[in-house]
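Single-letter residue listing:
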Amino acid sequence: MYAFIWRKLPFGVVGKLTGSVLLVAATVALLWYFAFPWAEPLLPFDDVQVESGVPAETGGDPMTVETPAGDEHELPYDTDQNNSAPPSPSR
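Keep in mind the model is a prediction, meaning the values are calculated, not measured. (Residues numbered from 1 in each chain as written. Predicted model: local features only at pLDDT ≥ 70, side-chain atom pairs only at ≥ 80, totals over all residues. Heavy atoms only, no water.)

### Considerations on unusual backbone geometry
Residues apart from glycine generally show negative phi values, whereas peptide bonds are mostly found in trans.
1) Next: In this structure, Phe11 is a non-glycine residue whose phi angle is positive, near 75 degrees.
2) Next: Structurally, Phe11 is set in the loop between helix 1 (2-8) and helix 2 (12-39).
3) Next: Overall, the relative accessible area of 72% leaves Phe11 in the exposed class. (Helix = DSSP H or I, 4+ residues; strand = E, 2+ residues; numbered from the N terminus. Buried < 20%, exposed > 50% of the residue type's maximum accessible area, 1.4 Å probe, protein only.)

Structure follows, in structure tokens:
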């Protein structure tokens, strides 16, 4: 297919390169302005469901996440080891 398009484009190599770039640009523009906006409502990108740790029916603050008992995790490394001291002010 690409060889057929290359053979049918006029004006030698320079014209064929220019025509190829124009065909690619036109294809991208058609996809960007028509195909993708048409398909966007059909795709699940905005269908996000985030649940908090506290059910709404309990009356708890939905922004506060409570850790269930026995689910505490202790890090196996020191979190302050690679933190350098803040720079001292220069005079």
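### Structural notes on helix 2
1) Next: An ideal rise of 1.5 Å per residue puts 40 Å on 28 residues; helix 2 measures up with 38 Å between its terminal C-alpha atoms.
2) Next: Along its length, helix 2 reaches its greatest deviation from straightness, about 40 degrees, at Leu31.
3) Next: Buried within helix 2 we find Gly15, Lys16, Gly19 and Ala39. (Expected span 1.5 Å × (residues − 1). Bend = angle between axes of the 7 residues up to and from the residue.)

### Considering a nonpolar patch on the surface
1) Next: On the surface, Val24, Val28, Leu30, Leu31, Trp32, Tyr33, Phe34 and Phe36 cluster together into a nonpolar patch covering about 920 Å² of accessible area.
2) Next: Within the secondary structure, Trp32 sits in helix 2. (Patch = residues over 30% accessible without salt bridge, like charges linked within 9 Å, V, L, I, M, F, W, Y side chains within 5 Å. Areas by Shrake-Rupley, 256 points an atom, 1.4 Å probe, with all protein chains shown as cover. Salt bridge = Lys/Arg side-chain N within 4 Å of Asp/Glu carboxyl O.)

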